[in-house]
Amino acid sequence: MTASITPRPVRLLAISGSARQGSLNRQLVDLAARKAEAAGAQVTHVDLRELAMPIYDDDWAAAHGRPAGALKLRELFASHDGLLIACPEYNALPTPLLINSFDWLSTVQAQGDLPSGTGATAGKPVGLLAASPGALGGIRALPIVRTYLSTNFAMVVVPEQMGLPLADQQLDASSGEVVLKKPELDHLLDKVVASVMRQAAWRLTTA
């Protein structure tokens, strides 16, 4: 059997649910993005804070329309094939930054050749990551993110996921690039990235 060939490289978004300087989740998703690029993907990094979306408010939307950041996020999803996302947990929940950004995205209507916000996400694969200096590695929030993205945005959340405990000790930047110290953790991250890449490539060949 001849292997299917994708018409172009897979395009992925890399998003961190944490915006702070030195974020462990930013480091982890950046590492995942490098692995995807090494496998042939084109990766766009998205800083949710730079999209500058206000706290969701129907009255604000009625007065001002959808924020430019929500429209930009819709365009990014429309032009990419999947998502790598790393999100810490705040009190066992996903971060307000992440939820607020996607809540705004869900309200964007189709316009011209562009789909709605949820139309742009539908069917696209996502790999979930989390990092924490604590012992649980953010795993309490990951099931909520999984349900949120699959139910409300019709995204295909791959079974593989990674919660990285003691992340401040497991991520090493001494070589100039962040790496995982333990081979077994690096292998687990490889599996998450590979699963998203496979799903995204399959969608391209069947589109």
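One can find the structure itself at the top, above this paragraph.
Residues numbered from 1 in each chain as written. Predicted model: local features only at pLDDT ≥ 70, side-chain atom pairs only at ≥ 80, totals over all residues. Heavy atoms only, no water.

### With respect to the nonpolar core
Formed by 31 residues in total, the largest nonpolar core has its most connected members in L12, L129, M162 and L164. Considering each element in turn, this core owes the most residues, 8 residues, to helix α8 (residues 183–206). Once residues within four sequence positions are removed from consideration, L164 is found in contact with L28, A130, A131, S132, G137, Q170, L171, L180 and L185. Listed in part, the 30 residues of the second largest apolar core include L48, L105, A130 and V157. (Core = buried A, V, L, I, M, F, W, Y, C linked by side-chain atoms within 4.5 Å. Buried < 20%, exposed > 50% of the residue type's maximum accessible area, 1.4 Å probe, protein only. Helix = DSSP H or I, 4+ residues; strand = E, 2+ residues; numbered from the N terminus. Contact = heavy atoms within 4.5 Å.)

### Notes on the packing of helix α3 (residues 68–78) against helix α4 (residues 96–106)
Between two packed helices, both the angle of their axes relative to each other and the distance between the axes serve to describe the pair. Where α3 contacts α4, the axes come no closer than 9 Å and their chain directions differ by 80°. Taken together, the axes of α3 and α4 are roughly perpendicular relative to one another. Contacts between α3 and α4 involve A70, L73, R74 and F77 from the former and S101, F102, W104 and L105 from the latter. Among the residues making up the contact of α3 with α4, the classes are represented as 6 nonpolar, 1 polar and 1 charged. (Axes fitted to C-alpha atoms, helices over the stretch in contact; angles between N-to-C directions. Parallel < 35°, antiparallel > 145°, perpendicular 65-115°, else oblique. Nonpolar A, V, L, I, M, F, W, Y, C, P; charged D, E, K, R; others polar.)

### Describing the pattern of salt bridges
A complete count under the given rule lists 5 salt bridges for this structure. The shortest N-O distance in the salt bridge between E89 and R140 comes to 2.5 Å. Note that E89 is positioned in strand β4 (residues 89–90) and R140 in the loop between β6 (125–131) and α6 (142–152), a separation of 51 residues in sequence. Among the residues examined, E89 registers a relative accessible area of 17% and is labelled buried. Through salt bridges with shared partners, a single ionic network connects K35, D186 and D190. (Salt bridge = Lys/Arg side-chain N within 4 Å of Asp/Glu carboxyl O.)

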